[in-house]
Amino acid sequence: MKLTPKQAAFVDAYIETGNASEAARLAGYSEKTAFRSGQQNMQKYAIKQAIEARQAEIRSKRTADITEVMEFLTSALRGEVTDENIVTEGCGDGISEARIIETRISSRDRLNAAQQLLKRFPRQMDVAEQEARIKKLEADLKAMEDEQAAANDDVVIIDDWMCENDNENTSS
């Protein structure tokens, strides 16, 4: 369903304000009926769809996705990103001039980009580190099993409940 010009204006105003009553006023609805008109417009399927489509469009244009972030971090790591620095130079007689110079980002910033990239990838441990961890876990497990076995050896069950029949059998 196609929106009327007033409904299209309502959608635009709602995207800007996030308020249905204010959007209705800005779209040209009467001051007296702006609240009700805004609420009714928000119930209309075509208007809701138009608002959702516009919000998705805005999100896709303004928000960086994971690919864009990864590409930026990679270019920063490789030193392809430049930074603008203001430099003042003396010209003589107490006069100086400022100019803007483009420089590559610092090695500290490049290292930071590398660290940010590494956070996004599962770290691969080398084989020696993995084997050392396995040996430690096996040793811990054996120590726990030995400790548990020793605790079970200390248990002594004493039968001190004597029945009447036990006294008669022992005295005869």
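Quick look at the structure, then. These numbers come from a predicted model, not from an experiment.

This part covers helix 4 (residues 45-62). In a regular helix each residue adds 1.5 Å, so 18 residues correspond to 26 Å; helix 4 covers 26 Å between its end C-alpha atoms and thus fits that length. Within helix 4, the full set of buried residues consists of Ala46, Ile47, Ala50 and Ile51. The buried residues of helix 4 occupy an angular sector of 135 degrees when the element is viewed end-on, so they sit on one face. Turned more than 90 degrees off the buried face of helix 4, the exposed positions are Tyr45, Arg59 and Ser60.

The next point concerns the packing of helix 3 (residues 34-43) against helix 4. Relative orientation of the contacting elements helix 3 and helix 4 amounts to 80 degrees, with a least axis distance of 5 Å. In terms of their interaxial angle, helix 3 and helix 4 are classed as roughly perpendicular. Judged by residue contacts, Asn41, Met42 and Gln43 of helix 3 engage Tyr45, Ile47, Lys48 and Ile51 from helix 4. Along the lines of polarity and charge, the residues of the contact of helix 3 with helix 4 split into four nonpolar, two polar and one charged.

To continue, consider the packing of aromatic side chains. Applying the stated rule across the entire model yields one aromatic pair. A ring pair is formed by phenylalanine 10 and tyrosine 14, whose centres lie 6.3 Å apart and whose planes are at 25 degrees; its orientation type is stacked. Note that phenylalanine 10 and tyrosine 14 are positioned in helix 1 (residues 5-17) at a spacing of four residues, about one turn of the helix. Summarising the burial analysis for this pair, phenylalanine 10 and tyrosine 14 share the class buried. It is lysine 6 that lies over the ring of tyrosine 29; its NZ or CZ is 4.9 Å from the centre.

The rules we used
- Residues numbered from 1 in each chain as written.
- Predicted model: local features only at pLDDT ≥ 70, side-chain atom pairs only at ≥ 80, totals over all residues.
- Heavy atoms only, no water.
- Helix = DSSP H or I, 4+ residues; strand = E, 2+ residues; numbered from the N terminus.
- Expected span 1.5 Å × (residues − 1).
- Buried < 20%, exposed > 50% of the residue type's maximum accessible area, 1.4 Å probe, protein only.
- Arc of directions from axis to C-beta.
- Axes fitted to C-alpha atoms, helices over the stretch in contact; angles between N-to-C directions.
- Parallel < 35°, antiparallel > 145°, perpendicular 65-115°, else oblique.
- Contact = heavy atoms within 4.5 Å.
- Nonpolar A, V, L, I, M, F, W, Y, C, P; charged D, E, K, R; others polar.
- Phe/Tyr/Trp six-rings, centres within 6.5 Å; stacked < 30°, edge-to-face > 60°.
- Lys NZ or Arg CZ within 6 Å of the ring centre and 35° of its normal.

Just distances and angles here, no functional claims.
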